[in-house]
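Each chain, letter by letter, is given below.
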Amino acid sequence: MSEADNLVISQDPTHPANLIPELCRLFYNIGWVTGTGGGICIRDNDKVYIAPSGVQKERIEPTHIFVLPYPQVQSPSPHTDRVFLRRPALDLKESACTPLFWNSFDLRNAGSCIHTHSQHAVMATLLWKGSVFTISHQEMIKGVRIGGVGKALSYLDTLVIPIIENTPNEEDLKDSMAAAMEEYPDAAGVLVRRHGVYVWGLDWQKAKTQTECLDYLFEIGVKMKLAGLPTILEEQI
Ligand SMILES: CSC[C@@H](O)[C@@H](O)C(=O)COP(=O)(O)O
Ligand SMILES: [Zn+2]
């Protein structure tokens, strides 16, 4: 065992290296991270904890977790080497979502970011053919924060989530995700057409509950649209 392994070995169940495997198992069971897709990262001040790429996300162990310093010496672009504080002993690569997770830290000061391949998110991107998903007058809107990290939205706010187009390689979504975050500073996440969604929060708890609220809103929005119901009500109720 190397000294760096102490960064991921802890008896504390709330240590990020213990939380990521536990949360990935939960997310697997609700269809968010099946088939190796999706994931979650946690930033604890100056350290970022990231899962490996291309593995069954529900079988990750704490010793599989990568630890990176935040900020990086130079901002990690999708195609340059990153600095690591700790790498797993196994021949693993860090998640391809790393540059996307980094957007949430750099642009929103997030403490955690979740990526799901939920079919509710994917269906929302198919039924909302433009550049945004919108829904109003739903109680669960109140569980979403302005920009993902600010005040909670009100029941009377219309939820707007930008949709970007997918790319063959996950890391190539970095710039279009950043552009959507700049264009929609109040959005708590970014949908990726035919792929899934990225949602962030100030900490893992808020990222998780916001992803749950958004997933609920994508699901009910899809069902409403398929039932021919309007998802935006003009009148104040
Ligand atoms: C079914 S493979 C999906 C991946 O290419 C990607 O979309 C993804 O979300 C997970 O990337 P990963 O590098 O395994 O963390
Ligand atoms: Zn993905």
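Quick notes on the rules
Every chain's residues receive numbers from 1 upward, in the order its sequence appears when written. The naming scheme follows written order: chains are lettered A onward, ligands numbered 1 onward. Under the rules for a predicted model, residues below a pLDDT of 70 receive no local features and side-chain atom pairs below 80 are neither given nor counted, while totals for whole chains, interfaces and linings still include all residues. Side-chain numbers come from the whole structure's heavy atoms, not from hydrogens or water. Take a side-chain nitrogen of Lys or Arg and a carboxyl oxygen of Asp or Glu: if they are within 4 Å of each other, that pair is a salt bridge. UniProt positions are given in the numbering used here, feature names are shortened, and annotations may be inferred rather than shown by experiment. Think of it this way: any DSSP run of H or I at least four residues long counts as a helix, any run of E at least two long counts as a strand, and we number them from the N terminus. Partly exposed residues are those whose accessible area sits between 20% and 50% of the maximum for their type, while under 20% is buried and over 50% is exposed, using a 1.4 Å probe and protein chains only. Any helix carries an expected span of 1.5 Å times its number of residues minus one. Residue contacts are counted whenever heavy atoms from the two residues lie within 4.5 Å of one another. For Na, K and Ca the donor cut-off is 3.2 Å, while for other metals it is 2.8 Å, and in both cases only N, O and S atoms qualify; water is not among them, so sites may look incomplete. Only four donors with every angle between 85 and 135 degrees are called tetrahedral; only four or six donors with opposite donors over 155 degrees apart and all others between 65 and 115 are called square planar or octahedral, in that order; all others are irregular. Proximity is defined per residue: any heavy atom of the residue falling within 4 Å of a molecule or strand makes that residue near it. By the criterion applied in these results, polar contacts are pairs of N or O atoms within 3.5 Å in which, for protein atoms, one can donate a hydrogen and the other can accept it, and in which residues neighboring in sequence qualify only through two side-chain atoms. Residues are grouped as follows: Ala, Val, Leu, Ile, Met, Phe, Trp, Tyr, Cys and Pro are nonpolar; Asp, Glu, Lys and Arg are charged; all remaining types, including Gly, are polar. Here, strands pair whenever DSSP counts at least two bridges between them.

## Quick look at the pattern of salt bridges
And step 1. Enumeration over the complete set of coordinates arrives at 9 salt bridges.
And step 2. For the salt bridge of Asp46 with Lys47, the shortest nitrogen-to-oxygen distance reads 3.7 Å.
And step 3. Each of Arg82, Lys93 and Glu94 takes part in a single network of salt bridges with overlapping partners.

## Some details on the UniProt feature "active site" (unreviewed entry) in the chain
And step 1. Cross-referencing UniProt, the feature "active site" (unreviewed entry) maps to Glu139 in the present numbering.
And step 2. Along the chain, the position of Glu139 falls in the loop between strand 5 (132–135) and strand 6 (159–164).
And step 3. On the basis of relative accessibility, which here comes to 49%, the residue Glu139 falls in the partly exposed class.

## Overview of helix 1 (residues 16–29)
Three or four residues apart is the spacing at which side chains of an α-helix point the same way, because the helix has 3.6 residues per turn.
And step 1. Here helix 1 spans 20 Å end to end across 14 residues, near enough to the 20 Å set by a 1.5 Å rise per residue.
And step 2. Listing the buried residues of helix 1 in full gives Pro16, Ala17, Asn18, Leu19, Ile20, Pro21, Leu23, Cys24 and Phe27.
And step 3. Among the structural elements, strand 1 (39–44), strand 2 (47–50), strand 4 (112–116) and helix 5 (204–226) are those in contact with the buried residues of helix 1.
And step 4. Downstream of helix 1 by one or two residues, Gly31 has phi in the positive range, about 80°.

## A closer look at the coordination of the zinc ion (ligand 2)
Ideal donor angles around a metal are set by the shape: a four-donor tetrahedron calls for 109.5 degrees, a six-donor octahedron for 90 or 180 degrees.
And step 1. Here the zinc ion (ligand 2) is held by His115 (NE2), His117 (NE2), Glu170 (OE) and His195 (NE2), and the distances to it run 2.1 to 2.7 Å.
And step 2. One can describe the site at the zinc ion (ligand 2) as irregular: its 6 donor atoms subtend angles covering 53 to 168° at the metal.

## Re the site of ligand 1
And step 1. By nearness alone, 14 residues border ligand 1, and Ser53, Gly54, Ser95, Ala96 and Glu170 come closest of all.
And step 2. Within the contact set of ligand 1, an oxygen atom lies 2.7 Å away from a backbone nitrogen or oxygen of Gly54.
And step 3. Between ligand 1 and Glu170, the relevant distance is 2.2 Å, taken from an oxygen atom to a side-chain nitrogen or oxygen of the residue.
And step 4. Residues that form the shell around ligand 1 fall into these classes: 2 nonpolar, 10 polar and 2 charged.

## Structural notes on unusual backbone geometry
And step 1. With omega at -5°, the peptide bond leading from Tyr70 into Pro71 counts as cis.
And step 2. Here Pro71 is to be found in the loop between strand 3 (66–69) and helix 2 (98–108).
And step 3. Positive phi outside glycine occurs at Asn45, with the angle close to 50°.
And step 4. One can find Asn45 in the loop between strand 1 and strand 2.

## Observations regarding the pairing of strand 2
And step 1. Bridge analysis of strand 1 against strand 2 gives 3 bridges, and the strand direction is antiparallel. Bridging from a neighbouring strand, Asp44 pairs with Lys47 of strand 2.
And step 2. Where strand 1 folds back on strand 2, the antiparallel hairpin that results is connected by 2 residues, among which Asn45 adopts a positive phi of roughly 50°.
And step 3. Two elements, strand 2 and strand 3, share 4 bridges in a ladder whose sense is antiparallel. In the sheet register, Lys47 faces strand 3, and the bridge partner there is Pro69.

## Digging into the UniProt feature "binding site: Zn(2+)" (unreviewed entry) in the chain
And step 1. Per the UniProt record, "binding site: Zn(2+)" (unreviewed entry) is annotated on His115, His117 and His195. Over a stretch of 81 residues, the named residues converge on one spot in the fold, their C-alpha atoms separated by at most 9.9 Å.
And step 2. Inspection of the secondary structure assignment puts His115 in strand 4.
And step 3. Ignoring anything within four residues of it in the chain, the contact list for His115 reads Trp32, Val33, Gly38, Gly39, Cys97, Phe101, Glu170, His195, Val197 and Tyr198.
And step 4. The class of His117 is partly exposed, set by a relative accessible area of 28%.
And step 5. Those residues in contact with His117, other than ones at most four positions away along the chain, are Gly31, Trp32, Gly37, Gly38, Val122, His195 and Gly196.
And step 6. Among the polar contacts made by the side chain of His117, one reaches the side chain of His115 at a distance of 3.1 Å.

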